[in-house]
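Residues per chain are reported as follows:
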Amino acid sequence: MPSPCIASISVAQTALVIDSGPELNELLTGVLSKDGWVVEHVANHEEALDLARREGFDLIITGRKTRGPEDIEFLRRIRGSRPHVRLIILADEWTPGDVLTAMREGAFSYFCAPFQPETLADSVRSAMNDPCWDDGIEVLSATPEWVRVMARCDIETANRLVSFLQNVRDPNISEDDRSDIVTAFREILLNAMEHGGHFDPSHHVEIGFVKARRAVICKVKDPGQGFSQEEIRHAASEKTPEDLLSHVAVREQKGLRPGGFGLLMAKKLVDELIYSEQGNEVVLVKYLEKPAKSAA
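Since the model is a prediction, treat every value here as computed from it, not as a measurement. (Residues numbered from 1 in each chain as written. Predicted model: local features only at pLDDT ≥ 70, side-chain atom pairs only at ≥ 80, totals over all residues. Heavy atoms only, no water.)

Moving on to the sheet that holds strand β1 (residues 14-18). In any sheet, the strands associate via hydrogen bonds between backbone groups, in a parallel or an antiparallel arrangement. Spatial strand order, β2-β1-β3-β4-β5: 5 strands in an open sheet with parallel pairing. Strands with a single pairing partner mark the edges of an open sheet, and in this sheet they are β2 (38-42) and β5 (109-112). The mean inter-strand angle of the sheet, taken between neighbouring strand axes irrespective of direction, is 15 degrees. Relative to strand β4 (residues 86-91), strand β3 (residues 59-61) runs parallel, the two sharing 3 bridges. Residue pairing across strands places I61 opposite I88, the latter belonging to β4. Where helix α3 (residues 68-81) meets the sheet, it contacts β1, β3, β4 and β5, and its direction lies at approximately 165 degrees from that of β4. (Pairing = 2+ DSSP bridges. Helix = DSSP H or I, 4+ residues; strand = E, 2+ residues; numbered from the N terminus. Axes fitted to C-alpha atoms, helices over the stretch in contact; angles between N-to-C directions. Contact = heavy atoms within 4.5 Å.)

Structural data, given as structure tokens:
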């Protein structure tokens with residue numbers, strides 16, 4: 001079967017939206033129809049499955065009224081007949097491990113309630129504009145405590161991976177800690193893709209997540225030759241506040257996106273940021289707040 005990366009995009013692209021209520025239906029229809037997509041609406045999974053088997057939709061969005069495990073089973077059934085369809089899962093109810101399973105089964109993205117409508121709209125736009133997507137993230141191995149992933153070096157893949165991470169829910173990780181971990185990881189991931197992979201989709205970044213009792217550890221390894229931090233004059237993380245304006249000028253001269261500030265941010269959000277000797281591997285460590293003791 002030809003790769004969707006080299007297949008031409010059809011002139012009239014189609015989306016199938018499963019009912020999520022008037023407000024969300026209107027949002028999704030507005031985002032899709034604005035760019036000329038043809039939108040079909042159905043009430044439930046069975047209607048969606050029947051229609052999707054008869055018609056080749058480019059994008060399917062599940063309804064938020066269903067549970068995460070039901071959506072994942074729907075995803076498996078759909079991909080049995082439509083292996084390259086982009087599918088976004090919305091779930092008001094979920095169980096631990098749903099996000100990882102959805103990623104492994106080939107979902108484009110996964111949203112657990114509560115989620116911001118504009119964040120969902122951004123993911124829909126990304127799915128609409130990225131025909132070469134389903135080889136972007138590969139789960140190499142996974143347990144509840146340790147996950148290894150390969151990610152293609154492009155911004156859209158980075159955004160998808162960050163979106164999955166944002167929707168991982170763990171009762172032992174506070175919202176503040178989760179936000180810090182996700183933000184720091186995003187900055188390190190983009191830094192690895194830019195400097196190590198040069199945003200070349202033929203290159204990949206290797207990522208590992210470890211959830212220990214009192215810490216979350218993330219390792220990012222890029223495909224580049226590494227660097228000596230002393231040699232990187234344009235790294236904002238090594239600048240004093242007085243040097244930041246000159247930092248921006250140096251970045252512009254080198255034709256680089258605004259950066260370096262992300263490393264500085266990551267250092268402040270996690271407890272430890274450790275680079276390997278070669279400089280192409282970095283480990284982030286975030287120590288978790290101890291859960292409150294229950295009353296005797």
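With respect to the element layout, N167 can be found in the loop between α6 (155-166) and α7 (175-196). Residue classification places N167 among the buried positions, given a relative accessible area of 6%. In this structure the side chain of N167 is engaged in a polar contact, spanning 2.8 Å, whose partner is the backbone nitrogen of C112. Those residues in contact with N167, other than ones at most four positions away along the chain, are V99, Y110, F111, C112 and R178. (Buried < 20%, exposed > 50% of the residue type's maximum accessible area, 1.4 Å probe, protein only. Polar contact = N/O pair within 3.5 Å; in protein donor to acceptor, adjacent residues only side chain to side chain.)

So, about unusual backbone geometry. The omega angle of the peptide bond from A113 to P114 is 0 degrees, so this bond is cis rather than trans. Of note, P114 is situated in the loop between β5 and α5 (117-129). We note that H198 has phi near 55 degrees; this positive angle belongs to a residue other than glycine. Among the structural elements, H198 can be located in the loop between α7 and β8 (204-211). Of note in the backbone geometry, F199 takes a positive phi value of approximately 50 degrees without being a glycine. Relative to the helices and strands, F199 resides in the loop between α7 and β8.

All right, on to the environment of A91 then. Along the chain, A91 falls in strand β4. In this structure, the C-alpha to C-alpha distance between A91 and S20, residues 71 residues apart in sequence, is 9.8 Å. If we ignore the near neighbours within four places in the chain, the residues touching A91 are R64, T66, G68, D71, Y110, F111, C112 and A113.

Here we take up the nonpolar core. In globular proteins that are soluble, nonpolar side chains generally tend to be buried together. In terms of nonpolar packing, the biggest core is built from 55 residues, with I60, L161, F185, I188, L189 and I207 touching the most fellow members. In terms of residue count, α7 provides more of this core than any other element does, 8 residues in total. Leave out the neighbours within four places in its chain, and I188 touches V220, L263, A266, L273, Y275, V282 and L284. Counting 20 residues, the second-largest nonpolar core is a separate cluster that includes V17, L59, L120 and V124. (Core = buried A, V, L, I, M, F, W, Y, C linked by side-chain atoms within 4.5 Å.)

Between its first and last C-alpha atoms α5 spans 19 Å; for 13 residues at 1.5 Å apiece the expected length is 18 Å, and the two agree. Taken together, the buried positions of α5 are occupied by L120, A121, S123, V124, S126, A127 and M128. (Expected span 1.5 Å × (residues − 1).)

Let us look at the confidence of the model for the protein. The predicted model of the protein has a mean per-residue pLDDT of 85, with 81% of residues at 70 or higher. Between residues 6-10, whose pLDDT stays under 50, and residues either more than four places distant or in other chains, the model counts 2 contacts. (pLDDT = per-residue confidence, 0-100.)

With that out of the way, let us pick up the sheet that holds strand β11 (residues 281-287). As summarised here, the arrangement of the 6 strands in space is β6-β7-β8-β9-β11-β10, forming an open sheet in which the pairing is antiparallel. Either end of the sheet is taken by a strand with one partner, and the two such strands are β6 (137-142) and β10 (272-275). On average, each strand axis in the sheet is tilted by 15 degrees relative to the strand beside it, whichever way the strands run. Sheet analysis places β10 next to β11, joined by 4 bridges and oriented antiparallel. When the sheet's bridge partners are listed, I274 is paired in β11 with V283. Along the sheet face, helix α4 (residues 98-105) touches β6 and β7 (146-152) and points at about 125 degrees away from the line of β6.

If you want to describe how two helices pack, look at the angle between their axes and the distance between the axes. Close contact between α3 and α4 brings their axes to 10 Å; oriented N to C, the two are set at 5 degrees. In terms of orientation, α3 lies roughly parallel with respect to α4. For the pair α3 and α4, the contacting residues are G68, P69, I72, L75, R76 and R79 in the first and D98, T101, A102 and E105 in the second. Its residues assigned to classes, the contact of α3 with α4 shows 4 nonpolar, 2 polar and 4 charged. (Parallel < 35°, antiparallel > 145°, perpendicular 65-115°, else oblique. Nonpolar A, V, L, I, M, F, W, Y, C, P; charged D, E, K, R; others polar.)

As a further point, take the pattern of salt bridges. For the coordinates displayed, the defined rule picks out 17 salt bridges. In this structure, the salt-bridge partner of D92 is R64, at a minimum N-O distance of 2.9 Å. With D92 in the loop between β4 and α4 and R64 in the loop between β3 and α3, the pair connects residues that are 28 residues apart, well separated along the chain. Notably, a salt bridge pairs R76 with E105, separated by 3.2 Å at the nearest N-O pair. Of this pair, R76 sits in helix α3 while E105 sits in helix α4, and the two are 29 residues apart along the sequence. Assessed through its relative accessible area of 29%, E105 is described here as partly exposed. Each of E73, R76 and E105 takes part in salt bridges that share partners, so that together they form one network. (Salt bridge = Lys/Arg side-chain N within 4 Å of Asp/Glu carboxyl O.)

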